[in-house]
Amino acid sequence: MNWGEFLHMGGHGLYIWFSYAAATIILGLNVILPLRRFRALLKLDNESTHESTS
Amino acid sequence: MLIKNFQKLAAAKYFYPFAGRLIPWLTGITLLLLVYGIYLGLFVAPPDYQQGESVRIMFIHVPSAWMSIFIYAMMAGAAAIGLVWKIKLADNFASACAPIGASFTFLALITGSLWGKPMWGAWWVWDARLTSELILLFLYIGFMALQSAIDEPRRAARAGAVLALIGVINLPVIHYSVEWWNTLHQPASVARIDGPRIHSSILVPLLVMAAAFMFYFFTVVLIRMRTAILGTERNSQWLQGETE
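Residues numbered from 1 in each chain as written. Chains lettered and ligands numbered in written order. Predicted model: local features only at pLDDT ≥ 70, side-chain atom pairs only at ≥ 80, totals over all residues. Heavy atoms only, no water.

### Re the overall build of chain A
Right, on to step 1. Along its length, chain A carries two helices and zero strands.
Right, on to step 2. For 54 residues, the compact-globule formula gives about 10 Å, and the C-alpha radius of gyration of chain A, at 22 Å, lies well above that figure.
Right, on to step 3. Across its three principal directions, the C-alpha atoms of chain A cover 65 × 20 × 10 Å.
Right, on to step 4. Residues classed as buried in chain A amount to 31% of the 54 residues present.
Right, on to step 5. Summed over all atoms, the accessible surface of chain A reaches about 3,700 Å², with 65% contributed by carbon and sulfur. (Helix = DSSP H or I, 4+ residues; strand = E, 2+ residues; numbered from the N terminus. Rg over C-alpha atoms; globule rule 2.2 N^0.38 Å. Buried < 20%, exposed > 50% of the residue type's maximum accessible area, 1.4 Å probe, protein only. Areas by Shrake-Rupley, 256 points an atom, 1.4 Å probe, with all protein chains shown as cover.)

### Let's talk about the nonpolar core
Residues and elements named next belong to chain B.
Right, on to step 1. One finds Y72 and M75 to be the most contacted residues of the largest nonpolar core, which totals 72 residues.
Right, on to step 2. Here this core gets 15 residues from one element, more than from any other, and that element is helix α8 (residues 200-232).
Right, on to step 3. The residues contacting Y72, other than those within four sequence positions of it, are L136, L139, Y140, L163, A164, G167, V168 and L171. (Core = buried A, V, L, I, M, F, W, Y, C linked by side-chain atoms within 4.5 Å. Contact = heavy atoms within 4.5 Å.)

### What to know about the confidence of the model for chain B
Right, on to step 1. On average, chain B scores 92 in pLDDT, and the residues at 70 or more come to 95%.
Right, on to step 2. Listed scores for the predicted complex are pTM 0.92 and ipTM 0.89. (pLDDT = per-residue confidence, 0-100.)

### Concerning helix α7 (residues 170-180) of chain B
All names here are of chain B.
Right, on to step 1. All of the buried residues along α7 are N170, L171, I174, S177 and V178. Each buried residue of α7 lies within a common arc of 145 degrees when the element is viewed along its axis, so the set occupies one face. In α7, those exposed residues whose orientation departs by more than 90 degrees from the buried face are E179 and W180.
Right, on to step 2. Of the surrounding elements, those touching the buried residues of α7 are α3 (58-85), α5 (128-149) and α6 (153-167). (Arc of directions from axis to C-beta.)

### Quick notes on the packing of helix α2 (residues 12-44) of chain B against α8 of chain B
For any two helices packed against each other, one specifies the crossing angle of their axes together with the interaxial distance.
Residues and elements named next belong to chain B.
Right, on to step 1. Closest axis-to-axis distance for the α2/α8 pair is 7 Å, and the angle between their directions is 155 degrees. If you check the angle between α2 and α8, you find them roughly antiparallel. With respect to the hand of their crossing, α2 and α8 are arranged in left-handed fashion.
Right, on to step 2. Looking at side-chain class alone, the contact of α2 with α8 contains 29 nonpolar, six polar and one charged residues. (Axes fitted to C-alpha atoms, helices over the stretch in contact; angles between N-to-C directions. Parallel < 35°, antiparallel > 145°, perpendicular 65-115°, else oblique. Left-handed = near helix turned anticlockwise from the far one by under 90°. Nonpolar A, V, L, I, M, F, W, Y, C, P; charged D, E, K, R; others polar.)

### Remarks on the pattern of salt bridges
Two side chains bearing opposite charge may form a pair once their charged atoms approach each other closely.
Residues and elements named next belong to chain B.
Right, on to step 1. Counted by the stated rule, this structure contains one salt bridge over all chains.
Right, on to step 2. In this structure, the salt-bridge partner of R56 is E53, at a minimum N-O distance of 2.7 Å.
Right, on to step 3. Residue R56 is classed as buried on the basis of its relative accessible area of 5%. (Salt bridge = Lys/Arg side-chain N within 4 Å of Asp/Glu carboxyl O.)

### Topic: the packing of aromatic side chains
Right, on to step 1. Considering all chains together, one arrives at 15 aromatic pairs over all chains under this definition.
Right, on to step 2. Ring centres of F6 of chain A and W17 of chain A lie 5.3 Å apart, and the angle between their planes is 55 degrees; this geometry places the pair in the tilted category. With a gap of 11 residues between them, F6 of chain A in helix α1 (residues 3-8) and W17 of chain A in helix α2 (residues 13-53) connect regions that are remote in the sequence.
Right, on to step 3. Look at F6 of chain A and you get buried, because its relative accessible area is 10%.
Right, on to step 4. Aromatic pair Y39 of chain B and F43 of chain B: ring centres 6.0 Å apart, planes at 25 degrees, arrangement stacked. Of the two residues, Y39 of chain B and F43 of chain B are both situated in helix α2; the distance of four residues between them amounts to about one turn of the helix.
Right, on to step 5. Here F43 of chain B falls in the partly exposed class, since its relative accessible area comes to 40%.
Right, on to step 6. Here R226 of chain B stacks its cationic end above the ring of Y16 of chain B, 4.1 Å away from the centre of that ring. (Phe/Tyr/Trp six-rings, centres within 6.5 Å; stacked < 30°, edge-to-face > 60°. Lys NZ or Arg CZ within 6 Å of the ring centre and 35° of its normal.)

### What to know about a positive patch on the surface
Right, on to step 1. On the surface, K86, R154, R155 and R158 of chain B cluster together into a positively charged patch.
Right, on to step 2. Mapped onto the fold, R154 of chain B is located in helix α6. (Patch = residues over 30% accessible without salt bridge, like charges linked within 9 Å, V, L, I, M, F, W, Y side chains within 5 Å. Lys, Arg positive; Asp, Glu negative; His and termini not counted. Charge placed at Lys NZ, Arg CZ, Asp CG, Glu CD.)

### Structural notes on unusual backbone geometry
Right, on to step 1. Unlike most non-glycine residues, M9 of chain A shows phi in positive territory, near 50 degrees.
Right, on to step 2. Examined against the element boundaries, M9 of chain A turns out to sit in the loop between α1 and α2.
Right, on to step 3. Residue classification places M9 of chain A among the buried positions, given a relative accessible area of 3%.
Right, on to step 4. Non-glycine residue K86 of chain B carries a positive phi angle of around 55 degrees.
Right, on to step 5. Topologically, K86 of chain B is positioned in the loop between α3 and α4 (88-120).
Right, on to step 6. Taking the relative accessible area as the measure of exposure, K86 of chain B reaches 55% and is therefore exposed.

### Re the interface of chain B and chain A
Right, on to step 1. Contact with chain B, which involves 38 residues of that partner, is made by 29 residues of chain A.
Right, on to step 2. In total, chain B and chain A occlude about 2,900 Å² of area from one another, counting both sides; carbon and sulfur atoms represent 72% of this.
Right, on to step 3. The largest per-residue losses of area from chain B upon contact with chain A belong to L42, Y216 and R234 of chain B, which jointly make up 18% of the total buried on that side.
Right, on to step 4. Taken together, the links from chain B to chain A amount to zero salt bridges. (Buried area = accessible area lost by both parts, 1.4 Å probe.)

Spelled out as structure tokens, the structure:
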């Protein structure tokens, strides 16, 4: 397995790796951003529950 | 009995925990399919005799494009249901679809450009397929912008629904663009009445990646829907129980 050749991809390396990178970034953000918002809302919700019962 | 259970789900109170139980399974399946698909696409699939290694971009480009259209259809269908039967969960689903659909459309356009430059010598051409896919992106963005511009949630949902439904006409245009016009973009080789006409060594990774993206979509849309429910049902009793 020649990694140099694998990265080079017959001259098309840049196009291929940018494509796979774009996919990783875009699909990654689509998971990370909603999850972060979910956790923040969960935290807010728990805080307000404890406030009202304390 | 089955229908009654299905109708129960339409209440956020039941949908929230139901989706919560599904998400881990969907995540697992998505990851397995993604790893297998990328392994097949990068290591197993052979280079094309004309296009060389750049054909590997197809395993991202084509499933993204398929998802961009599929999600729009789902979004418009749900928006119609919300419009007609006033089911909030349908509006929730439609709104959750939009950013994911827009992302896949954008990804299809970018990877298309990155494929077009080495193959056609151009980053962009105003051919029918590319142009109609770009219009799809504008429709998604318009839907999201319209909904965020309207404060009252039900009016926002209705306005977005009307836009989404008007945009449905673009879907057959995108699909048939390669038949109706002289396009640079290649004609259909998979979604054809007489079956696919590409070799299995290329078809299999393609279908695995398509399945991966499909499960990815269902995973993420459920996460978004639960987040939206958390946002709107903040003071509900049932939610206090769920989030302890």
